[in-house]
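# Commentary on secondary and tertiary structure
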Amino acid sequence: MNIGVVGMGFVGSVTAAVLADQGNAIIALDIDSEKIGRFNSGDIPIFEPGLKDLILKNKRNLKFTTDYKMLKGSEIIFVAVPTPNLNGKINLDYVYKAIDSIKSVNNDAIIVIKSTVVPGTGSKIKDEFNVKIVSNPEFLREGNAIDDTIHPDRVIVGGEEEYAEKVASIWKFTNAPILITTRENAELIKYASNSFLATKISFINEIANLCEKIPNSDVETVAKGMGYDRRIGPLFLKAGIGYGGSCFPKDTEAFLTYAEELGEELKIIKAAKKTNEDRIDRIIYILKKKFVEIKGLKILQLGVSFKENTNDLRESQALKLYRSLIENGADVVVFDPVNAVEGINFCGNLNDCLNGVDAIVVATEWPEFKKIEDMNIKVPLIDGRRILNPERFEEYIGIGRYCSD
Ligand code: UGA
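Sequence order sets the numbering: in each chain, residues are counted from 1 along the sequence as written. For a predicted model such as this one, the threshold for reporting local features is a pLDDT of at least 70, and the threshold for listing and counting side-chain atom pairs is 80 or more; totals across whole chains, interfaces and linings nevertheless cover every residue. Here the side-chain values reflect all heavy atoms present in the structure, with hydrogen atoms and water set aside.

## Remarks on the pattern of salt bridges
We define a salt bridge as a side-chain nitrogen of Lys or Arg found within 4 Å of a carboxyl oxygen belonging to Asp or Glu. Enumeration over the complete set of coordinates arrives at 25 salt bridges. The salt bridge involving Lys-126 is made with Glu-160; its shortest N-O contact spans 4.0 Å. Of this pair, Lys-126 sits in helix 5 (residues 121-129) while Glu-160 sits in the loop between strand 9 (155-158) and helix 7 (161-170), placing them 34 residues apart in sequence. Shared partners join several salt bridges into a network, and the residues in it are Lys-126, Glu-160 and Arg-183. In this text, helices come from DSSP runs of H or I with a minimum length of four residues, and strands from runs of E with a minimum of two, each type numbered from the N-terminal end.

Right under this line is the structure:
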């Protein structure tokens, strides 16, 4: 099939590469000419395992462009542009601009909204622009994006049956359950799913706070025991310094505002957001409990990205922790396998980073950090992600693990 994809971020570039690999002819568009230049030269500007290889393998099926006219022959056009928040409310400017540009060159294509948009957006666009609109929300995770796209848990398609069926047919190869429904349900499923997952994380983080005060208790074992119950499930019960990234914080906030405008208060999601915001102070509290005074402490922070296997710093809790430690007067040095951001005190070699530090804080789940277990660490180590073996340290303080005063 001739397919267009507008917006070459994580979602758009992975969608384009996977659909090209399935034999479709893809026009991949972005308005950023530098980005398109990099895609064309093979210098892929998105850090995502396997993406570069998949793009290079499917070069013949994949044309990168900034020119909307190239979408003239597309039967289906995916829109995967950002929907950032502006003062806590979703901003749909990029989506509207993309639809407007598509309509000016192609009035027949089915336009598929992959971007996360509040319920009612697709139908509003349909009425305003008189175009065929289908909602097909995205559930891929950064760092696992290709596998999540090829093997999703489900495919959700919302819209008029004839168009929705056509879009669903593109994803038949995944063998995942396909739910065809209204646009509004599809849009809502995305927000409800992300908000539920964020809530699950905040829930276990509160249990972790409790475990820290109960002798002989450990949130890892509590989560494991809970997870055996199939009604609960083991995933997204990993306690830590909180969730970040370009989706959970933004989507929960936009969802809360959207509901408020409808006169509804989403109390549970509001609480999940507050618990997440409090995670940074929890690490400060743990440090103060240990050292009384943070001012003047030399701290090595491991990790600055919002999770492992990515260089993405958007809404990163680790980055927020770094800033908070600095505000509290600590002298912080950061080791991260891929990031080196201006304004942050980075050190490139883990061995050297350890020189003269008073404490170590693990802030991201990079598997590389396991190396520190063999480095004969004598200073207190605060494992904010519970990735290390406590036995390997003289003084190990783990999130959600009982710690005597
Ligand atoms: C998330 C969802 O998982 C995807 O399904 C969704 O498609 C995506 O948002 C989106 O809306 O585009 P992503 O933000 O890539 O994906 O990352 P996750 O792997 O979900 O992790 C989010 C945050 O939660 C990270 O900071 C991670 O460290 C944290 N987390 C995750 C925990 O603290 N504990 C857990 O048990 C799981």
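What follows picks up the thread again.
## What about the sheet that holds strand 13 (residues 359-362)?
Whether two strands pair depends on DSSP finding at least two bridges between them. Across the sheet, which stays open at both edges, the 5 strands sit in the order 12-11-13-14-15 with parallel pairing between neighbours. A strand with exactly one partner marks an edge of an open sheet, and here the two such strands are strand 12 (331-335) and strand 15 (396-398). Here the strands of the sheet are splayed against their neighbours by 20 degrees on average, with no regard to which way each runs. Direction of pairing for strand 11 (residues 298-302) relative to strand 12: parallel, over a ladder of 5 bridges. Within the sheet, the bridge partner assigned to Leu-300 lies in strand 12 and is Val-333. Here a residue-residue contact requires only that any non-hydrogen atoms of the pair lie within 4.5 Å. Only C-alpha atoms enter the line fits that serve as axes; for helices the fit covers just the stretch in contact. Angles between N-to-C directions range over 0 to 180 degrees. Its contacts with the sheet place helix 13 (residues 317-327) against strand 11, strand 12 and strand 13, and it is angled at close to 175 degrees to strand 11.

## Notes on the side chain of Ser-246
Mapped onto the fold, Ser-246 is located in the loop between helix 9 (219-227) and helix 10 (248-261). What makes Ser-246 buried here is its relative accessible area of 17%. Among residues more than four places away in sequence, those in contact with Ser-246 are Glu-142 and Arg-314. Summary of the burial criterion: residues with accessible area below 20% of their type's maximum are buried, those above 50% are exposed, and those between are partly exposed, where the area comes from a 1.4 Å probe applied to protein chains only.

## Points about the state of the cysteines
Here, a disulfide means two cysteine sulfur atoms that sit within 2.5 Å of each other. Following the criterion strictly, the structure yields 1 disulfide and no others. Note that Cys-347 is cross-linked by a disulfide to Cys-353, the S-S spacing being 1.8 Å. For the disulfide bridge between Cys-347 and Cys-353, the dihedral angle about the S-S bond is near 120 degrees, and by the sign convention the bridge is right-handed. Unpaired in terms of disulfides, Cys-211 finds its nearest cysteine sulfur in Cys-403, a separation of 13 Å.

## Quick notes on the packing of aromatic side chains
Between 30 and 60 degrees the pair is tilted, below 30 it is stacked and above 60 it is edge-to-face, where a pair is any two Phe, Tyr or Trp rings, Trp via its six-membered ring, whose centres lie within 6.5 Å. Under the counting rule described, the total for this entry stands at 9 aromatic pairs. These aromatic residues form a ring-pair network of at least three members: Phe-78, Trp-171 and Phe-173. Our definition puts a charge over a ring when NZ of Lys or CZ of Arg is within 6 Å of the ring centre and also within 35 degrees of the ring normal. The ring of Phe-139 carries Arg-154 above its face, with NZ or CZ at 3.6 Å from the centroid.

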